[in-house]
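Geometric and topological summary
Given next are the chains, with one letter for each unit.
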Amino acid sequence: MELHEPELRDVPVTAVLAALADEVRLQIVRTLAGGGEHVCGTFELGISKATRSHHLKVLREAGLTRTRVAGTSRYVRLRRDELDRLYPGLLDAVLAAPHRP
């Protein structure tokens, strides 16, 4: 299965910022910032599976994450190196900001 993952340089910065403006998506990014891949179903966000899938899709289509499909599992990771190269300091600033519980 082929997932749409745009080149980050083709994504407007406004789309990246809009994806990061949602608390649930920001929570996902904070988790992914710890490094490595995470199975999509392991995020404990207190939302439905469909809503979680929607948020992961928004992050992927904004160029923030990469998703690898293996059988019935999907593994997601943050495109940290690419983001830091194109938008230096953006993720650090977003991750350092206080978050609401």
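The present account deals with the structure reproduced in this document. Everything numeric here is computed off the predicted structure, so don't read it as measured data.

A few words on the overall build of the protein. The helix and strand inventory of the protein stands at 5 helices and 3 strands. Its helices and strands taken in sequence order, the protein reads α-α-β-α-β-β-α-α from the N to the C terminus. Over its C-alpha atoms, taken along the principal directions, the protein stretches across nearly 35 × 30 × 20 Å. For the protein, the residues scored as buried account for 36% of the 101 residues in total. Here the contacts in the protein between residues at least 6 apart in sequence split such that 62% fall between residues at least 24 apart.

The next subject is the packing of aromatic side chains. Each aromatic ring pair is summarised here by two numbers: the centre-to-centre distance and the angle between the ring planes. As enumerated under the stated definition, the model contains 0 aromatic pairs in all. A cation over a ring is seen here: Arg68 above Tyr75, with NZ or CZ 4.5 Å from the ring centre.

Judged by pairing direction, the sheet is antiparallel, and its 3 strands sit side by side in the order β1-β3-β2 without closing on themselves. Unpaired on one side and paired on the other, β1 (38–39) and β2 (65–70) mark the two borders of the sheet. Across 6 bridges, the pairing between β2 and strand β3 (residues 73–78) is antiparallel. Within β3, the position partnered with Thr65 by the bridge is Leu78. Contacts between helix α2 (residues 23–32) and the sheet are confined to β1, β2 and β3, with β3 contributing the most and set at about 80 degrees to the helix.

By size, the foremost hydrophobic cluster in this structure holds 24 residues, and its most contacted members are Val16, Leu20, Ile28, Phe43, Leu64 and Leu83. Breaking this core down by element, the ones donating at least two residues are α1 (13–20), α2, α3 (49–61), β3 and α5 (90–96). Setting aside residues no more than four positions away along its own chain, Val16 makes contact with Leu8, Val11, Ala62, Leu64, Tyr87 and Leu90.

In contact at an axis separation of 10 Å, α2 and α3 are set at 70 degrees when each is read in the N-to-C sense. Here α2 is positioned roughly perpendicular relative to α3, judged by the angle of their axes. Listed contacts from α3 to Val24, Arg25, Ile28 and Val29 of α2 are His54, His55, Leu56, Val58 and Leu59. Residue classes in the contact of α2 with α3 are distributed as 6 nonpolar, 2 polar and 1 charged.

Rules used in this analysis
- Residue positions are counted from 1 within each chain, in the order its sequence is given.
- Totals for whole chains, interfaces and linings use all residues, but because this is a predicted model, local features are given only for residues with pLDDT of at least 70 and pairs of side-chain atoms are given and counted only at 80 or more.
- The side-chain values count all of the structure's non-hydrogen atoms but skip hydrogen atoms and water molecules.
- Under the DSSP-based scheme used, a helix requires at least four consecutive residues in state H or I and a strand at least two consecutive residues in state E, with every element numbered from the N terminus.
- Note on classification: 1.4 Å probe, protein chains only; a residue is buried when its accessible area is under 20% of the maximum for its type, exposed when over 50%, partly exposed between these limits.
- For this analysis, residues touch if any pair of their heavy atoms sits within 4.5 Å.
- Aromatic contacts are taken between Phe, Tyr and Trp rings whose centres are within 6.5 Å, Trp giving its six-membered ring; a plane angle under 30 degrees counts as stacked, one over 60 as edge-to-face, and the others as tilted.
- A ring is scored as having a charge over it whenever the NZ atom of a lysine or the CZ atom of an arginine sits within 6 Å of its centre and within 35 degrees of its normal.
- For two strands to count as paired, DSSP must find a minimum of two bridges between them.
- The axes are straight lines fitted to the C-alpha atoms, using for helices just the contacting stretch, and the angles between their N-to-C directions are given from 0 to 180°.
- Buried Ala, Val, Leu, Ile, Met, Phe, Trp, Tyr and Cys residues form a nonpolar core when they are joined through side-chain atoms within 4.5 Å.
- Angle categories: roughly parallel below 35 degrees, roughly antiparallel above 145, roughly perpendicular from 65 to 115, and oblique for all the rest.
- Gly counts as polar in this scheme, as do all residues outside two lists: the nonpolar Ala, Val, Leu, Ile, Met, Phe, Trp, Tyr, Cys and Pro, and the charged Asp, Glu, Lys and Arg.

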